Protein chains: 2
Amino acid sequence: MRAVCVIGLGLIGGSVLRAATAAGRPGWAATASEQDATAARAEGHAVEDSVPAALRRAESEDALVVVATPLTAVREVLRQVAWHSPAAWLTDVVSVKDPVHDEVRRLLPEARYAGGHPMAGVASSGWTASTAEMFSGASWAVTLEEDTRSEAWREAAALALDCGARVVPTSAAEHDAATARISHLPHVLAAVLAAVGADGGPLAMSLAAGSFRDATRVMGSDPELVRAMTEGNREALLDAADDALGRLGAARGSLASTGSLKSTVDAGHAARGMLEELRGASRERTTVPLDSRHTLRRLRELGDRGGRVVELTADSAVAEVPASEAG
Amino acid sequence: MRAVCVIGLGLIGGSVLRAATAAGRPGWAATASEQDATAARAEGHAVEDSVPAALRRAESEDALVVVATPLTAVREVLRQVAWHSPAAWLTDVVSVKDPVHDEVRRLLPEARYAGGHPMAGVASSGWTASTAEMFSGASWAVTLEEDTRSEAWREAAALALDCGARVVPTSAAEHDAATARISHLPHVLAAVLAAVGADGGPLAMSLAAGSFRDATRVMGSDPELVRAMTEGNREALLDAADDALGRLGAARGSLASTGSLKSTVDAGHAARGMLEELRGASRERTTVPLDSRHTLRRLRELGDRGGRVVELTADSAVAEVPASEAG
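This one's a predicted model, so the numbers in the text were calculated from it and none came from an experiment.

**Side note on the overall build of chain A**
Argument step 1. Regarding its fold elements, chain A presents 13 helices and 11 strands.
Argument step 2. Taken over C-alpha atoms, the radius of gyration comes to 21 Å for chain A, in line with the 20 Å a tight globule of 327 residues would show.
Argument step 3. Its C-alpha atoms give chain A principal-axis dimensions of about 70 × 50 × 35 Å.
Argument step 4. Within chain A, residue pairs in contact and separated by at least 24 positions form 68% of the contacts whose partners lie at least 6 positions apart.
Argument step 5. Of the roughly 12400 Å² of accessible surface on chain A, a fraction of 48% belongs to carbon and sulfur atoms.
Argument step 6. Side chains of chain A give 33 positive and 43 negative charges; the mean places of these two sets differ by 2 Å.

Quick look at the structure:
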């Protein structure tokens, strides 16, 4: 099993190091946080003294480098990778993919890179909140571009599987458009809702029950991390915000003019039903060869249909696809 | 302990009957649903054959009548109360208060009425989803208007306390404005978010993680009940929706022009902090006499400050107020 070199030991990076080593991989890390480094070493994990030291070790042991810093620190880490290991096996766990891809192309044209994004997390942050089980059963996007080498995609996907996740193959642009809708817009709406609720004063807060607490829970997260994530996906989030403004405006207009929220509520109920249906659907297995010239197209189509890779064999990816969508 | 006569045996009405009888009150019900009636009787609860029969028994046993139907059925129930028990002890558990108050004033000027709204629920509906513990620790608004008699308020508050809830004293208009922000707007935003997410197709649904599922959970509820609740609070919900449109539009504008969501995220984080602070605050006890000419004003002020009544003595209400707000 290929060793992992994790740069950044926050909630996600820490969980990757824990999960990958728990799965039997050799692994070490580097972090700018003395606190996280000390805590990780106290639990017996290998933390190098500097990012260059960790990367030199990655170069000599042919490890997979995992960039697990906030988006704002990615460029500097990639510069260091370019210096110490320009053809590295490389992936990342940053929540937006197009900007990372662009930086990798520019700074590391020789790297064997595929981008990654595990769809898991909790409101707390830092090493102390990380767990080896963080990704168990979760979706983990691994991106495929025209210039992605299939062996690089395979390495990133193998890490996700070793961490207990299922791999959603997609392009960086499609990933960013989808996560704007299901991850970044929810954070913006939660911020809006929390503020509108608090404007109701202590009376509103003392009446607030489960629906309000659930809907604003993500606002308990570190505001800097929420900003880095949402602002980093600006273009796609603008599209999603425009859709939300359109739908909310239509709801407001209908309520004002006719007193009805039928279209809004029915659409929301049907959409939630789609989510539950997809989760509950029986799944069929399908296999995609990893070295044909159709691999890119077939894997992306698989992701578009809600399919997830659950296993890698010597020459192919085994996926589960919702039964009604299989074939 | 005063007997209760519950009209409607859905999730909330059923839970009131269970909780009130578990607390030792005599209690019976009536419901238009044969299914709910049969299920309740099978568990040993008294269900009269008709609403008039239940109300005649309430009149003869001087019971507290609890209207627990959807808003759309309230008028017809009140007409029957007016016929069979025009001076009844009366409360309700409908999620909007001004429209119910207006109907009671019009149809039942002699009734000893105070409106109620327990802030609890689950996505399921009907008797089978009801429990005796539904209101344990929850807030339960009990309304006070200029024409509310203090003995009527006391009866409605006593029922809430017997059901394990804490009583938030407020006016119907303030209740409706607050719940538009913390209950009805969350449903509308959940509907909008679910639809925008589903527009991302199966890829977006398969990437959706906890934040999306939490934020759209309430859209699993019966659409008719969601509509009855949100549409029934039209004016206040329009105000809340306008605030949300304003804040979302400002976020969109800031992201487009400067790339920053700082104001939005900071405001949301601070608002969420207020919710958690209020919940975690140490609380001081204070006592409000129930028969002074200042009772109405003092109880409403208590509710405005986030205070909740936890006990009734012979002549007063004992309340807990967040410590920083006490005095």
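**Section: helix α13 (residues 295-304) of chain A**
Residues and elements named next belong to chain A.
Argument step 1. Among all positions in α13, only T295, L299, L302 and G303 are buried. One face of α13 carries all of its buried residues, which in axial projection span an arc of 100°.
Argument step 2. Looking at the residues trailing α13, positive phi occurs at G306, about 90°.

**Here we look at the interface of chain B and chain A**
Argument step 1. Facing the 90 residues of chain B at the interface are 90 residues of chain A.
Argument step 2. Surface buried jointly by chain B and chain A totals about 8200 Å² across both partners, of which 71% is contributed by carbon and sulfur atoms.
Argument step 3. On inspection of chain B and its partner chain A, the count reaches six salt bridges.
Argument step 4. Among the ionic pairs, R252 of chain A bridges to D242 of chain B, the shortest N-O distance being 2.6 Å.
Argument step 5. Linking chain B with chain A are 29 residue pairs in polar contact (both at pLDDT 80 or more).

**Side note on the sheet that holds strand β5 (residues 112-113) of chain B**
All names here are of chain B.
Argument step 1. Spatially, five strands are ordered β2-β1-β3-β4-β5 in an open sheet, and the strand pairing comes out parallel. Sheet topology places β2 (27-30) and β5 at the edges, where each strand pairs with a single neighbour.
Argument step 2. Taken together, the four bridges between strand β1 (residues 4-7) and strand β3 (residues 64-67) define a ladder with parallel strand orientation. Counted as the bridge partner of C5 is V65 from β3.
Argument step 3. On top of the sheet, helix α6 (residues 150-162) reaches β1, β3, β4 (89-92) and β5; it is set at about 55° to β4, its chief contact.

**Here we look at helix α1 (residues 11-22) of chain A**
All names here are of chain A.
Argument step 1. For α1, which comprises 12 residues, the first-to-last C-alpha distance of 16 Å matches the rise-based estimate of 16 Å (1.5 Å per residue) to within 8%.
Argument step 2. The element α1 is largely enclosed, with a buried count of 10 among its 12 residues.
Argument step 3. Buried within α1 are the following residues: L11, I12, G13, G14, S15, V16, L17, R18, A19 and A20.
Argument step 4. Residues of α1 that are buried make contact with β1 (4-7), β2 (27-30), β3 (64-67), β6 (116-118), β7 (139-143) and α6 (150-162).

**Quick notes on the relation of the copies chain B and chain A**
Argument step 1. Of the two same-sequence chains, chain B is brought onto chain A (RMSD 0.0 Å, axial shift 0.0 Å) by a rotation of 180°. Taken together, the rotation and translation describe the operation of a two-fold axis. Looking at the rotation axis and the C-alpha trace of chain B, the residue lying nearest is A215 of chain B, at 2.3 Å.

**Focus: the domain arrangement of chain A**
Argument step 1. You can read the domains of chain A as domain 1 (4-170), domain 2 (176-260) and domain 3 (282-325).
Argument step 2. For domain 2 of chain A versus domain 3 of chain A, the separation of C-alpha centres amounts to 34 Å.

**Some details on the environment of L225 of chain A**
Residues and elements named next belong to chain A.
Argument step 1. Secondary-structure assignment places L225 in helix α10 (residues 223-231).
Argument step 2. Judged by its relative accessible area of 39%, L225 is partly exposed.
Argument step 3. The spatial distance from the C-alpha of L225 to the C-alpha of R283 is 35 Å, given a sequence separation of 58 residues.
Argument step 4. When residues no more than four places from it in sequence are discounted, the contact partners of L225 are P70 and S125.

**What about the pattern of salt bridges?**
Argument step 1. Taken as a whole, this structure holds 50 salt bridges over all chains when the rule is applied.
Argument step 2. D147 of chain B serves as the salt-bridge partner of R105 of chain B, at 2.7 Å between the closest nitrogen and oxygen. With a gap of 42 residues between them, R105 of chain B in helix α5 (residues 98-107) and D147 of chain B in the loop between β7 (139-143) and α6 connect regions that are remote in the sequence.
Argument step 3. A salt bridge links R227 of chain B to E231 of chain B, with the nearest nitrogen and oxygen atoms 2.7 Å apart. Taken together, the residues R227 of chain B and E231 of chain B, both in helix α10 (residues 223-231) and four residues apart, mark about one turn of the helix.
Argument step 4. Here the salt bridges do not stand alone but share partners, grouping R2, D62, R112 and E155 of chain A into one network.

**Describing the pairing of strand β10 (residues 308-312) of chain A**
Argument step 1. Judged from the four bridges that link them, β10 of chain A and strand β11 (residues 316-322) of chain A form a sheet pairing that is antiparallel. The residue bridging E311 of chain A from the neighbouring strand is V318 of chain A, located in β11 of chain A.

**What about the side chain of H84 of chain B?**
Residue and element names in this part refer to chain B.
Argument step 1. Relative to the elements of secondary structure, H84 occurs in helix α4 (residues 74-84).
Argument step 2. When its relative accessible area of 19% is taken as the criterion, H84 is described as buried.
Argument step 3. In contact with H84, not counting residues within four places along its chain, are P52, L55, R56 and E59.

**Observations regarding the packing of aromatic side chains**
Argument step 1. Scanning all chains against the criterion turns up two aromatic pairs over all chains.
Argument step 2. On the numbers, 5.1 Å between centres and 55° between planes, the contact of F135 of chain B with W140 of chain B is tilted.
Argument step 3. Given a relative accessible area of 0%, F135 of chain B falls into the buried group.
Argument step 4. On the accessibility criterion, W140 of chain B (2% relative accessible area) is buried.
Argument step 5. Residue placement shows R18 of chain A over the ring face of W127 of chain A; its charged tip is 4.0 Å from the ring centre.

**What to know about the environment of M219 of chain B**
Argument step 1. Mapped onto the secondary structure, M219 of chain B falls in the loop between α9 (210-216) and α10.
Argument step 2. C-alpha of M219 of chain B to C-alpha of A82 of chain B: the two residues are 137 residues apart in sequence and 36 Å apart in space.
Argument step 3. With near-sequence residues (within four places) excluded, M219 of chain B lies in contact with V265, G268, H269 and R272 of chain A together with H187, A190, A191 and V226 of chain B.

**Quick look at the nonpolar core**
For soluble globular proteins, the rule of thumb is that nonpolar side chains tend to be buried together.
Argument step 1. Residues I182, L185 and L207 of chain A together with I182, L185 and L207 of chain B are the most contacted members of the largest nonpolar core, which totals 74 residues.
Argument step 2. Residues within four places of L185 of chain B in sequence aside, it is in contact with L193 and V196 of chain A together with A180, L237, A240, A241 and A244 of chain B.

**Examining the packing of α10 of chain A against helix α12 (residues 262-280) of chain B**
Packed helix pairs are specified by the crossing angle of their axes together with the interaxial distance, meaning the distance between the axes.
Argument step 1. Where α10 of chain A contacts α12 of chain B, the axes come no closer than 10 Å and their chain directions differ by 140°. Of the two possible hands of crossing, α10 of chain A and α12 of chain B adopt the one that is right-handed. Touching P223, V226, R227 and E231 of chain A of α10 of chain A are K262, V265, D266 and H269 of chain B, all from α12 of chain B.
Argument step 2. A class-by-class count of the residues in the contact of α10 of chain A with α12 of chain B yields three nonpolar, one polar and four charged.

**Some details on unusual backbone geometry**
With the exception of glycine, the majority of residues adopt a negative phi angle, and the majority of peptide bonds are in the trans configuration.
Argument step 1. Residues other than glycine seldom take positive phi values, yet D62 of chain A does so here, at roughly 55°.
Argument step 2. Positionally, D62 of chain A belongs in the loop between α3 (51-61) and β3.

About the thresholds
Residues numbered from 1 in each chain as written. Chains lettered and ligands numbered in written order. Predicted model: local features only at pLDDT ≥ 70, side-chain atom pairs only at ≥ 80, totals over all residues. Heavy atoms only, no water. Helix = DSSP H or I, 4+ residues; strand = E, 2+ residues; numbered from the N terminus. Rg over C-alpha atoms; globule rule 2.2 N^0.38 Å. Contact = heavy atoms within 4.5 Å. Areas by Shrake-Rupley, 256 points an atom, 1.4 Å probe, with all protein chains shown as cover. Lys, Arg positive; Asp, Glu negative; His and termini not counted. Charge placed at Lys NZ, Arg CZ, Asp CG, Glu CD. Buried < 20%, exposed > 50% of the residue type's maximum accessible area, 1.4 Å probe, protein only. Arc of directions from axis to C-beta. Buried area = accessible area lost by both parts, 1.4 Å probe. Salt bridge = Lys/Arg side-chain N within 4 Å of Asp/Glu carboxyl O. Polar contact = N/O pair within 3.5 Å; in protein donor to acceptor, adjacent residues only side chain to side chain. Pairing = 2+ DSSP bridges. Axes fitted to C-alpha atoms, helices over the stretch in contact; angles between N-to-C directions. Expected span 1.5 Å × (residues − 1). Least-squares fit on C-alpha atoms with pLDDT ≥ 70 in both. Domains from an automatic or database assignment. Phe/Tyr/Trp six-rings, centres within 6.5 Å; stacked < 30°, edge-to-face > 60°. Lys NZ or Arg CZ within 6 Å of the ring centre and 35° of its normal. Core = buried A, V, L, I, M, F, W, Y, C linked by side-chain atoms within 4.5 Å. Left-handed = near helix turned anticlockwise from the far one by under 90°. Nonpolar A, V, L, I, M, F, W, Y, C, P; charged D, E, K, R; others polar.

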